Amino acid sequence: MLTPVWILDVLAGGMLAVAGVSAARLAGARPWRRGTVVTDTDVGHLLMAIAMAGMLAGGLRTLPAPAWVTIFGVLTCWFGYRVARDAGVSGVRALASRHCTPHLVHSGAMVYMFLALPPLAAASAGVAGMGSAGQALRYPSLAFVFALVLAASSVWDLDQLSGRRYRLASGAVTVGCRIAMSVTMAFMLLIMI
């Protein structure tokens, strides 16, 4: 099934907006002030948004697939370390209450998408765009599991936005970007099945 190009372009535009917000937050970061920005989160958002925009829109040229696999492999390891450290301090509750768990899932899903594409499609990822035929993933069941986890994460984040925890604009922006990326990534995985 081919996805209309305009939908992919709208999603790519949304990801470029997330990249812009993340870049602006990094540029204005004051790491010496507590709570102003979470650098690893914004770096992750910036890189994921650029990679997803490149996968969605054929006209956007980004890095080759092996470079993205390396980048997201490093991010997966980093966020895996952060989740393990948080779990060591707070126990299993850290999986739901900390910001690193969704980023671990995002990074892992990105590694999966770049590795699970057939070789010819992976070589042209970011050139042909996702609307091209013949880009089905090798392990569709895993793609479906990732999409379900990303959808559940989006619902969780939407619920959390209404709570006191994200009353600050900074936290709400981060969660809003995370929701946009989760929804877009789940959509990408589902259309590639």
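Only a predicted model underlies this, so the values are computations on that prediction, with no experimental measurement involved. Sequence order as written defines the numbering, with residues in each chain counted from 1. This being a predicted model, a pLDDT of at least 70 is required before a residue's local features are given, and a value of 80 or more before pairs of side-chain atoms are given or counted; all residues contribute to the totals for chains, interfaces and linings. Only hydrogens and water are set aside; all other atoms, that is, all heavy atoms of the structure, feed into the side-chain values.

## Topic: the pattern of salt bridges
Any carboxyl oxygen of Asp or Glu within 4 Å of a side-chain nitrogen of Lys or Arg constitutes a salt bridge here. By the definition in use, this model includes three salt bridges. One salt bridge connects Arg178 with Asp157, and the closest N-O pair in it is separated by 2.8 Å. Within this pair, whereas Arg178 is found in helix α8 (residues 169–192), its partner Asp157 is found in helix α7 (residues 140–161), the two being separated by 21 residues in sequence. Exposed residues in this analysis have more than 50% of their type's maximum accessible area, buried residues have under 20%, and partly exposed residues fall in between, with area computed by a 1.4 Å probe over protein chains only. Here Asp157 falls in the buried class, since its relative accessible area comes to 2%. Numbering of helices and strands runs from the N terminus, with a helix taken as a DSSP run of H or I at least four residues long and a strand as a DSSP run of E at least two residues long.

## What to know about the packing of helix α5 (residues 100–116) against α7
Remark: α5 packs on α7, axes separated minimally by 11 Å, with the N-to-C direction vectors making an angle of 155°. Taken together, α5 and α7 sit at an angle that is classed as roughly antiparallel. Remark: the crossing between α5 and α7 carries left-handed chirality. For the pair formed by α5 and α7, the contact residues are Pro102, Val105, His106, Gly108, Ala109 and Tyr112 on the first element and Pro140, Leu142, Ala143, Phe146, Val149, Leu150 and Ser153 on the second. A per-class count over the contact of α5 with α7 returns ten nonpolar, three polar and no charged. Interaxial angle, 0 to 180 degrees, is taken between N-to-C directions of lines fitted to C-alpha atoms, where a helix line uses only the stretch in contact. Angular relationships are summarised with four words: roughly parallel below 35 degrees, roughly antiparallel beyond 145, roughly perpendicular across 65 to 115, and oblique for the angles in between. Rotating anticlockwise by less than a right angle from the far helix to the near helix defines a left-handed crossing, while the corresponding clockwise rotation defines a right-handed one. Residues are treated as being in contact if the distance between any of their heavy atoms lies within 4.5 Å. Classes in brief: Ala, Val, Leu, Ile, Met, Phe, Trp, Tyr, Cys and Pro nonpolar; Asp, Glu, Lys and Arg charged; the others, Gly included, polar.

## Observations regarding helix α1 (residues 5–27)
Three or four residues apart is the spacing at which side chains of an α-helix point the same way, because the helix has 3.6 residues per turn. Here, expected helix span is obtained from the residue count minus one, scaled by 1.5 Å. With 23 residues, α1 extends 32 Å from end C-alpha to end C-alpha; this agrees with the ideal 33 Å at 1.5 Å per step. Considered for burial, the residues of α1 that qualify are Leu8, Leu11, Ala12, Met15, Val18, Ala19, Ser22 and Arg25.

## What to know about the packing of aromatic side chains
Side-chain rings of Phe, Tyr and Trp (the six-membered ring for Trp) are treated as a pair once their centres are within 6.5 Å; stacked means planes under 30 degrees apart, edge-to-face means over 60, and tilted covers the remaining angles. Under the defined criterion, the tally for this structure stands at four aromatic pairs. For the ring pair Phe72 and Phe114, a centre distance of 6.4 Å and an interplane angle of 15° mean the geometry is stacked. Of this pair, Phe72 sits in helix α3 (residues 65–90) while Phe114 sits in helix α5, and the two are 42 residues apart along the sequence. For Phe72, a relative accessible area of 0% puts it in the buried group. We classify Phe114 as buried; its relative accessible area is 5%. Taking 5.7 Å as the distance between ring centres and 35° as the angle between the ring planes, the aromatic pair formed by Tyr112 and Phe146 counts as tilted. You can see Tyr112 sitting in helix α5 and its partner Phe146 sitting in helix α7, a full 34 residues away along the chain.

## A word on the nonpolar core
Phe72, Met110, Met113 and Leu189 are the most contacted members of the largest nonpolar core, which has 42 residues in total. For this core, the secondary-structure elements that each account for two or more residues are α1, α2 (39–56), α3, α5, α7 and α8. Residue contributions to this core peak at nine residues, all from α5. Other than its neighbours up to four places away in sequence, Met110 contacts Met48, Ala51, Met52, Met55, Phe72 and Met185. As used in this record, nonpolar core signifies buried Ala, Val, Leu, Ile, Met, Phe, Trp, Tyr and Cys residues forming a set joined through side-chain atoms within 4.5 Å.

## Description of the confidence of the model for the protein
Here the protein averages 82 in pLDDT, while 79% of its residues score no lower than 70. Of all the helices and strands in the protein, helix α6 (residues 119–123) carries the lowest mean pLDDT, 49, while α1 carries the highest, 93. pLDDT is a residue-level measure of predictor confidence that goes from 0 to 100. Counting contacts from residues 120–128, a segment whose pLDDT is below 50, to residues more than four positions away or on other chains yields 17 contacts.

## Structural notes on α3
Here α3 contains 26 residues, and its C-alpha end-to-end distance of 36 Å stays within 8% of the 38 Å for a straight helix at 1.5 Å per residue. Residues of α3 that are buried: Ala65, Trp68, Phe72, Leu75, Phe79, Arg82, Val83 and Asp86.

## Regarding the side chain of His45
Tracing the backbone through its elements, the reader meets His45 in helix α2. Not counting the four nearest positions on each side in its chain, His45 is found in contact with Val18, Ser22, His103, Thr174, Cys177, Arg178 and Met181.

## Details of the environment of Ala186
Along the chain, Ala186 falls in helix α8. The class for Ala186 is buried, based on a relative accessible area of 9%. Sequence spacing of Ala186 and Ala147 is 39 residues, and the spatial spacing of their C-alpha atoms is 4.3 Å. In contact with Ala186, other than residues within four places in its own chain, are Ala147 and Leu150.

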